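Read off the chains here:
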Amino acid sequence: MVRSLVLLVLVLSISGCTALLVRTVPQTCPYIGVRMDWALAKANNGILWPFLALDAPFSAVVDTVMFPFEYQYSCSL
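Residues numbered from 1 in each chain as written. Predicted model: local features only at pLDDT ≥ 70, side-chain atom pairs only at ≥ 80, totals over all residues. Heavy atoms only, no water.

Novice: How should the overall build of the chain be read in this particular structure?
Specialist: A tally of helices and strands in the chain yields four helices and zero strands. Each helix (α) and strand (β) of the chain, taken in turn from the N terminus, gives the series α-α-α-α. Sorting the 77 residues of the chain into buried and exposed places 26% on the buried side. (Helix = DSSP H or I, 4+ residues; strand = E, 2+ residues; numbered from the N terminus. Buried < 20%, exposed > 50% of the residue type's maximum accessible area, 1.4 Å probe, protein only.)

Novice: Help me out: how do you make sense of the environment of Met36 in this one?
Specialist: Considering the arrangement of structural elements, one finds Met36 in helix H3 (residues 32-43). A C-alpha to C-alpha distance of 9.5 Å links Met36 and Ser59, two positions 23 residues apart in sequence.

Novice: I tried to follow a nonpolar patch on the surface on my own but got confused; where do I start?
Specialist: Nonpolar side chains collect at one region of the surface, where Leu40, Ile47, Leu48 and Phe51 lie side by side and expose about 370 Å² of accessible area between them. Mapped onto the secondary structure, Leu40 falls in helix H3. Relative accessible area serves as the criterion here: at 32%, Leu40 is assigned to the partly exposed category. (Patch = residues over 30% accessible without salt bridge, like charges linked within 9 Å, V, L, I, M, F, W, Y side chains within 5 Å. Areas by Shrake-Rupley, 256 points an atom, 1.4 Å probe, with all protein chains shown as cover. Salt bridge = Lys/Arg side-chain N within 4 Å of Asp/Glu carboxyl O.)

Novice: Can you walk me through helix H4 (residues 49-70) in this structure?
Specialist: Side chains that are three or four residues apart share a direction in an α-helix, a result of its 3.6 residues per turn. Taking 1.5 Å of rise per residue, the 22 residues of H4 would be expected to cover 32 Å, yet its terminal C-alpha atoms sit only 27 Å apart, more than 12% below that figure. Its axis deflected by about 35° at Thr64, H4 carries its strongest bend there, up to four residues before the proline Pro68. Where H4 is concerned, the buried positions are Leu52, Asp55, Ser59, Asp63 and Glu70. (Expected span 1.5 Å × (residues − 1). Bend = angle between axes of the 7 residues up to and from the residue.)

Novice: Before we go on, may I ask you to explain the side chain of Ser59 in this structure?
Specialist: Relative to the elements of secondary structure, Ser59 occurs in helix H4. Among the polar contacts listed, one links the side chain of Ser59 to the side chain of Asp37, at a separation of 3.3 Å. (Polar contact = N/O pair within 3.5 Å; in protein donor to acceptor, adjacent residues only side chain to side chain.)

Novice: How do you make sense of the packing of H3 against H4 when you look at a structure like this?
Specialist: The description of two packed helices rests on the angle between their axes and on the distance between the axes. Between H3 and H4, whose axes approach to 8 Å, the crossing angle comes to 160°. Taken together, the axes of H3 and H4 are roughly antiparallel relative to one another. Like other packed secondary-structure pairs, H3 and H4 cross with a definite hand, here left-handed. In contact with Ile32, Gly33, Val34, Asp37, Leu40 and Ala41 of H3, H4 contributes Trp49, Leu52, Asp55, Ala56, Ser59, Ala60 and Asp63. (Axes fitted to C-alpha atoms, helices over the stretch in contact; angles between N-to-C directions. Parallel < 35°, antiparallel > 145°, perpendicular 65-115°, else oblique. Left-handed = near helix turned anticlockwise from the far one by under 90°. Contact = heavy atoms within 4.5 Å.)

Novice: Got a minute to help me understand the environment of Ala41 in this structure?
Specialist: Tracing the backbone shows Ala41 in helix H3. Considered as a pair, Ala41 and Ala53 are 12 residues apart in the sequence and their alpha carbons are 9.2 Å apart. Not counting chain neighbours up to four residues away, the residues in contact with Ala41 comprise Trp49 and Leu52.

Right, dumping it as structure tokens:
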């Protein structure tokens, strides 16, 4: 029970971190959290993949909610 609770807290605490953190920089673009997760997955040779697998769905949700405010911008990572 305690182990499940700790796992749940861990998942919720890291979920969507990329999407939220990249919005603190002035450069915003549609789906920047998902783009950053994808860039990190390609760059780290599999070390962060378990964490990115947890973060990516939540980043996709946050990015989808923010899409109407960011669709006029474009960026490349």
